[in-house]
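# Understanding the architecture of this molecule
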Amino acid sequence: TASRSGSAATGSARPPGAPGGTVPTRHGEVPRQRTTRHPSAGGELTHRGTRLAEAEDLYRRAVALSQEIGSLRSLAPSLQNLGTLCSASGRYDEAVGHLGRSAEALRQLAAEPQACESMGLIADVRAKQGRVDEARRGFDAYFSRVKELGTTVALGAMLRRYAEFLISTGDLRGASSA
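Here is what the cut-offs are and how they apply
- Residues numbered from 1 in each chain as written.
- Predicted model: local features only at pLDDT ≥ 70, side-chain atom pairs only at ≥ 80, totals over all residues.
- Heavy atoms only, no water.
- Salt bridge = Lys/Arg side-chain N within 4 Å of Asp/Glu carboxyl O.
- Helix = DSSP H or I, 4+ residues; strand = E, 2+ residues; numbered from the N terminus.
- Expected span 1.5 Å × (residues − 1).
- Buried < 20%, exposed > 50% of the residue type's maximum accessible area, 1.4 Å probe, protein only.
- Axes fitted to C-alpha atoms, helices over the stretch in contact; angles between N-to-C directions.
- Parallel < 35°, antiparallel > 145°, perpendicular 65-115°, else oblique.
- Left-handed = near helix turned anticlockwise from the far one by under 90°.
- Contact = heavy atoms within 4.5 Å.
- Nonpolar A, V, L, I, M, F, W, Y, C, P; charged D, E, K, R; others polar.
- Core = buried A, V, L, I, M, F, W, Y, C linked by side-chain atoms within 4.5 Å.
- Phe/Tyr/Trp six-rings, centres within 6.5 Å; stacked < 30°, edge-to-face > 60°.

According to the stated counting rule, one finds 13 salt bridges in the structure shown. The partner of R107 in a salt bridge is E112, with the nearest N and O atoms 3.9 Å apart. The closest approach of N and O atoms between E112 and R145, which form a salt bridge, is 3.4 Å. You can see E112 sitting in helix α5 (residues 112–129) and its partner R145 sitting in helix α6 (residues 132–149), a full 33 residues away along the chain.

Spanning 17 residues, helix α3 (residues 72–88) covers 24 Å between terminal C-alpha atoms, matching the ideal 24 Å at 1.5 Å per step. By the criterion of burial, α3 is predominantly enclosed, with twelve of the 17 residues buried. Every buried residue of α3 is listed here: S74, L75, A76, S78, L79, Q80, N81, L82, G83, L85, C86 and S87. Phi turns positive, to about 85°, at G90, one or two residues after α3.

Before going further, it helps to examine the packing of α3 against α5. Where α3 contacts α5, the axes come no closer than 11 Å and their chain directions differ by 10°. With respect to α5, the element α3 is oriented roughly parallel. Of the two elements, α3 crosses α5, and the hand of that crossing is left-handed. Note on element contacts: α5 touches α3 through Q114, E117, S118, L121, V125 and K128, opposite Q80, T84 and S87. Classifying every residue of the contact of α3 with α5 by side-chain character gives two nonpolar, five polar and two charged.

Turning next to the nonpolar core. F139 and F165 are the most contacted members of the largest nonpolar core, which totals 24 residues. Put simply, the parts of the chain that give this core at least two residues each are α2 (52–69), α3, α4 (92–108), α5, α6 and α7 (155–168). Among residues more than four places away in sequence, those in contact with F139 are G120, A123, D124, A127, M158, R161, Y162 and F165. If you look at the next biggest cluster of nonpolar residues, it comprises five residues, including A76, A105, A111 and A115.

Considering all chains together, one arrives at five aromatic pairs under this definition. A centroid spacing of 5.1 Å and a plane angle of 55° characterise the contact between F139 and Y162, whose relative ring orientation is tilted. Note that F139 is positioned in helix α6 and Y162 in helix α7, a separation of 23 residues in sequence. As far as the burial class goes, F139 and Y162 line up, both buried. Through pairs of rings, three or more aromatic residues link up here, namely F139, Y142, F143, Y162 and F165.

Before going further, it helps to examine unusual backbone geometry. Positioned with a positive phi, A110 is a non-glycine residue whose angle comes to about 60°. By the secondary structure assignment, A110 is in the loop between α4 and α5.

Once that is clear, we can look at the environment of R101. Inspection of the secondary structure puts R101 in helix α4. Expressed as a C-alpha distance, the spacing of R101 and A76, which sit 25 residues apart in the sequence, is 7.5 Å. When neighbours within four sequence positions are excluded, R101 is seen to be in contact with Q67 and L79.

Here you go:
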(Lines give C-alpha, C1' and ligand atoms only; values in the text may rest on other atoms or scores of the structure.)
Protein backbone atom coordinates (compact mmCIF):
# COMPACT_ATOMS: atom_id res chain seq x y z
CA THR A 1 0.00 0.00 0.00
CA ALA A 2 1.33 3.40 -0.91
CA SER A 3 1.71 6.00 1.79
CA ARG A 4 -0.31 9.21 1.54
CA SER A 5 2.67 11.14 0.24
CA GLY A 6 3.99 8.30 -1.91
CA SER A 7 3.33 7.39 -5.48
CA ALA A 8 0.34 5.11 -5.94
CA ALA A 9 1.85 3.63 -9.10
CA THR A 10 5.18 2.62 -7.58
CA GLY A 11 4.26 2.34 -3.93
CA SER A 12 7.35 4.39 -3.09
CA ALA A 13 7.09 6.87 -0.27
CA ARG A 14 8.48 10.39 -0.22
CA PRO A 15 9.38 12.10 3.03
CA PRO A 16 6.73 14.54 4.28
CA GLY A 17 7.01 17.85 2.46
CA ALA A 18 9.02 16.39 -0.42
CA PRO A 19 7.98 17.88 -3.73
CA GLY A 20 5.91 15.69 -5.99
CA GLY A 21 7.73 16.88 -9.10
CA THR A 22 7.80 20.37 -10.52
CA VAL A 23 5.61 22.62 -12.61
CA PRO A 24 7.19 24.78 -15.32
CA THR A 25 6.42 28.50 -15.21
CA ARG A 26 7.86 31.51 -17.01
CA HIS A 27 10.01 32.06 -13.94
CA GLY A 28 11.45 28.53 -13.85
CA GLU A 29 10.42 25.28 -12.22
CA VAL A 30 8.43 25.43 -8.99
CA PRO A 31 7.58 22.49 -6.72
CA ARG A 32 4.31 20.78 -7.61
CA GLN A 33 3.18 20.76 -3.98
CA ARG A 34 0.58 23.43 -3.29
CA THR A 35 1.10 25.23 -6.58
CA THR A 36 -2.53 25.07 -7.59
CA ARG A 37 -3.24 28.60 -6.34
CA HIS A 38 0.10 30.37 -6.52
CA PRO A 39 3.82 29.51 -6.52
CA SER A 40 4.10 31.38 -3.22
CA ALA A 41 2.30 28.54 -1.43
CA GLY A 42 5.12 26.14 -2.27
CA GLY A 43 7.50 28.69 -0.79
CA GLU A 44 5.52 28.71 2.44
CA LEU A 45 6.02 25.00 2.88
CA THR A 46 9.74 25.12 2.23
CA HIS A 47 10.03 28.15 4.52
CA ARG A 48 8.53 26.12 7.35
CA GLY A 49 10.89 23.31 6.41
CA THR A 50 13.81 25.75 6.87
CA ARG A 51 15.07 25.55 3.28
CA LEU A 52 15.26 29.33 3.32
CA ALA A 53 17.25 29.89 0.12
CA GLU A 54 14.77 27.82 -1.89
CA ALA A 55 11.81 29.51 -0.20
CA GLU A 56 13.23 32.97 -0.87
CA ASP A 57 13.68 32.12 -4.54
CA LEU A 58 10.06 30.93 -4.74
CA TYR A 59 8.75 34.05 -3.01
CA ARG A 60 10.73 36.31 -5.31
CA ARG A 61 9.37 34.41 -8.33
CA ALA A 62 5.85 34.76 -6.95
CA VAL A 63 6.36 38.52 -6.50
CA ALA A 64 7.75 38.85 -10.04
CA LEU A 65 4.92 36.80 -11.55
CA SER A 66 2.30 38.75 -9.60
CA GLN A 67 3.77 42.03 -10.83
CA GLU A 68 4.00 40.71 -14.39
CA ILE A 69 0.32 39.78 -14.49
CA GLY A 70 -0.73 42.81 -12.44
CA SER A 71 -2.36 40.82 -9.65
CA LEU A 72 -2.46 42.67 -6.32
CA ARG A 73 -4.33 39.66 -4.87
CA SER A 74 -1.27 37.49 -5.46
CA LEU A 75 1.31 40.19 -4.86
CA ALA A 76 0.20 41.14 -1.34
CA PRO A 77 0.59 37.71 0.32
CA SER A 78 3.75 37.01 -1.66
CA LEU A 79 5.32 40.20 -0.34
CA GLN A 80 4.12 39.40 3.18
CA ASN A 81 5.67 35.93 2.98
CA LEU A 82 8.92 37.33 1.57
CA GLY A 83 9.02 39.95 4.33
CA THR A 84 8.48 37.30 6.99
CA LEU A 85 11.28 35.19 5.53
CA CYS A 86 13.64 38.19 5.39
CA SER A 87 12.86 38.87 9.04
CA ALA A 88 13.60 35.24 9.93
CA SER A 89 16.91 35.63 8.05
CA GLY A 90 17.84 38.77 10.00
CA ARG A 91 17.42 41.13 7.02
CA TYR A 92 15.13 43.47 8.91
CA ASP A 93 15.20 46.58 6.72
CA GLU A 94 14.40 44.49 3.65
CA ALA A 95 11.62 42.76 5.63
CA VAL A 96 10.05 46.11 6.56
CA GLY A 97 10.10 47.18 2.90
CA HIS A 98 8.30 44.03 1.71
CA LEU A 99 5.80 44.14 4.58
CA GLY A 100 5.06 47.81 3.95
CA ARG A 101 4.46 47.14 0.25
CA SER A 102 2.21 44.23 1.23
CA ALA A 103 0.17 46.45 3.53
CA GLU A 104 -0.22 49.06 0.79
CA ALA A 105 -1.36 46.45 -1.77
CA LEU A 106 -3.85 45.05 0.75
CA ARG A 107 -5.26 48.53 1.41
CA GLN A 108 -5.73 49.00 -2.34
CA LEU A 109 -7.72 45.75 -2.29
CA ALA A 110 -9.80 47.05 0.65
CA ALA A 111 -8.45 44.13 2.71
CA GLU A 112 -7.87 46.22 5.82
CA PRO A 113 -7.65 43.31 8.33
CA GLN A 114 -4.84 41.72 6.32
CA ALA A 115 -3.13 45.10 5.85
CA CYS A 116 -3.32 45.47 9.61
CA GLU A 117 -1.57 42.09 9.97
CA SER A 118 1.31 43.30 7.77
CA MET A 119 1.64 46.38 9.96
CA GLY A 120 1.73 44.18 13.07
CA LEU A 121 4.50 42.14 11.46
CA ILE A 122 6.45 45.37 10.90
CA ALA A 123 6.11 46.10 14.64
CA ASP A 124 7.51 42.62 15.32
CA VAL A 125 10.49 43.32 13.03
CA ARG A 126 11.12 46.62 14.82
CA ALA A 127 11.12 44.70 18.12
CA LYS A 128 13.70 42.27 16.72
CA GLN A 129 15.82 45.27 15.70
CA GLY A 130 15.69 46.60 19.24
CA ARG A 131 13.77 49.68 18.11
CA VAL A 132 11.59 49.57 21.22
CA ASP A 133 9.66 52.83 20.79
CA GLU A 134 8.79 52.10 17.15
CA ALA A 135 7.80 48.53 18.03
CA ARG A 136 5.59 49.68 20.90
CA ARG A 137 3.87 52.28 18.68
CA GLY A 138 3.42 49.69 15.94
CA PHE A 139 1.89 47.10 18.26
CA ASP A 140 -0.34 49.75 19.84
CA ALA A 141 -1.53 50.85 16.39
CA TYR A 142 -2.12 47.22 15.38
CA PHE A 143 -4.25 46.40 18.43
CA SER A 144 -6.14 49.67 18.18
CA ARG A 145 -6.94 49.02 14.51
CA VAL A 146 -7.94 45.40 15.22
CA LYS A 147 -10.38 46.67 17.83
CA GLU A 148 -11.79 49.28 15.42
CA LEU A 149 -12.25 46.69 12.69
CA GLY A 150 -13.65 44.06 15.04
CA THR A 151 -11.42 41.46 13.41
CA THR A 152 -9.39 38.57 14.76
CA VAL A 153 -7.03 38.19 11.77
CA ALA A 154 -3.70 36.99 13.18
CA LEU A 155 -4.72 38.13 16.64
CA GLY A 156 -3.40 35.08 18.51
CA ALA A 157 -0.02 35.15 16.79
CA MET A 158 0.28 38.91 17.27
CA LEU A 159 -0.59 38.64 20.98
CA ARG A 160 2.21 36.08 21.35
CA ARG A 161 4.66 38.36 19.53
CA TYR A 162 3.58 41.31 21.66
CA ALA A 163 3.99 39.33 24.89
CA GLU A 164 7.47 38.23 23.77
CA PHE A 165 8.32 41.85 23.00
CA LEU A 166 7.10 43.03 26.41
CA ILE A 167 9.06 40.28 28.17
CA SER A 168 12.20 41.24 26.22
CA THR A 169 11.80 44.83 27.44
CA GLY A 170 11.26 43.69 31.03
CA ASP A 171 7.60 44.69 31.08
CA LEU A 172 6.35 41.52 32.79
CA ARG A 173 3.15 43.15 34.02
CA GLY A 174 2.21 44.17 30.48
CA ALA A 175 3.16 40.72 29.14
CA SER A 176 0.86 38.94 31.59
CA SER A 177 -2.07 41.14 30.55
CA ALA A 178 -1.37 40.63 26.84
